[in-house]
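# Fold and geometry: a report
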Amino acid sequence: MENKKKKRYGIIAALLLLVLAAGVGTYAWLTAQEHIDNVFTVGSFGHPENKPDPTDPEKPDPNNPNTEKAYLFETQWVANSKMVPGATVAKNPNVGIKAGSDDAYVFIYVKNAIVKPGTSLEKTPYFTLKNTNWKPVEGQVKTNQSDNSGNQYVSGLFMYSKNPAAENLPAKLEANKAAQDVYTDELFTAVTIPSAMNNTDVVETTTDPKQAPTMTVSAYIFGAGQNGTEQGENADAQNALKQAKEWAKTQA
């Protein structure tokens, strides 16, 4: 009986398969197919064709080509500038990207290693932001302790903030539809050497550049439209700020 049952199940299964196969053959002319090809591209930033105009730093200088293919510029810096207490040294960091590049959020980190570790902030060279194109990232900067205005910065992370979508967030440097290369304008124009500083406060100069008195300015350019895990209307700006803070940790 068991063998007969097994044979019966086998026959039934075979019949069902035949019926299904017959059905497919009968209604094959009712099928349809379709596919969509999505082509992905990778965003990019191009180097500006020219350096920024010294008198109008948000525009290119047609007479000064960017032969170094740089993004970060300092048109006023003079190599090996000497420090004199109470005086200023010209230094004007400015970031630019080529017209037609992706829009971007731009950040600058300033590392101040001019004086020896442990030197008081009032003896440390500082700079003042040029205008409202730039803002300090909250909790990411150091200021001169003797400054009541809170605008004398020693080091830290700063964000391009001209016409931001929301307060305390970076703004886009809009290059994609620009007619010419775009620049952030200068973060600051000079470094002030405090009158209280003396030569014993300064890092001793050696043949190793890493041991010389230096102020290092680094730029971080983050493509707009990358939301990451952030949510909401300004998700891409929030993510850019988040990523810039992580990047700043590697620069300190």
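What this report covers is the structure whose coordinates are included nearby. (Residues numbered from 1 in each chain as written. Predicted model: local features only at pLDDT ≥ 70, side-chain atom pairs only at ≥ 80, totals over all residues. Heavy atoms only, no water.)

Attention now moves to the overall build of the protein chain. Helix and strand counts for the protein chain stand at two helices and 13 strands. Put simply, 69% of the contacts in the protein chain that link residues at least 6 apart link residues at least 24 apart. Working note: accessible area of the protein chain is about 15700 Å², and carbon and sulfur atoms make up 51% of it. (Helix = DSSP H or I, 4+ residues; strand = E, 2+ residues; numbered from the N terminus. Contact = heavy atoms within 4.5 Å. Areas by Shrake-Rupley, 256 points an atom, 1.4 Å probe, with all protein chains shown as cover.)

Below, the discussion takes up the packing of aromatic side chains. Summed over the entire model, instances satisfying the criterion amount to 10 aromatic pairs. Geometrically, the ring pair formed by F127 and F188 is stacked, given 4.2 Å between the ring centres and 25° between the ring planes. Taken together, the residues F127 in strand β7 (residues 126-128) and F188 in the loop between β11 (182-183) and β12 (190-192) connect sequence positions 61 residues apart. Aromatic pair W134 and Y160: ring centres 6.1 Å apart, planes at 75°, arrangement edge-to-face. (Phe/Tyr/Trp six-rings, centres within 6.5 Å; stacked < 30°, edge-to-face > 60°.)

Right, let's talk about the environment of G100 for a bit. Among the secondary structure elements, G100 is positioned in the loop between β5 (93-97) and β6 (104-113). When the C-alpha positions of G100 and A175 are compared, they lie 5.6 Å apart, and in sequence the two are 75 residues distant. Not counting the four nearest positions on each side in its chain, G100 is found in contact with A175 and N176.

What follows concerns the pairing of strand β9 (residues 152-160). When you tally the buried positions in β9, you get nine out of nine residues, the bulk of the element. Pairing of β6 with β9, which is carried by four bridges, proceeds in the antiparallel orientation. Note on β9: the bridge partner recorded for I108 is F158. Bridge count between β7 and β9: two bridges; the pairing is antiparallel. Paired with T128 across the two strands is Q152, which belongs to β9. In this sheet, β9 lies alongside strand β8 (residues 134-143) in antiparallel orientation, the contact comprising six bridges. Across the sheet, residue K142 finds its bridge partner in β9, namely S155. (Buried < 20%, exposed > 50% of the residue type's maximum accessible area, 1.4 Å probe, protein only. Pairing = 2+ DSSP bridges.)

Attention shifts here to helix α2 (residues 235-249). When the terminal C-alpha atoms of α2 are compared, their 22 Å separation across 15 residues agrees well with the 21 Å that a helix rising 1.5 Å per residue should span. Summarising the contacts, the buried residues of α2 are in contact with β6, β8, β9, β10 (172-173) and β13 (214-223). (Expected span 1.5 Å × (residues − 1).)

Let's shift gears to the environment of K111. The topology assignment puts K111 in strand β6. The spacing of K111 and V154 is 43 residues in sequence and 8.3 Å in space, taken between C-alpha atoms. With residues up to four places along the chain from it excluded, the contact list for K111 reads T214, M215, T216, Q251 and A252.

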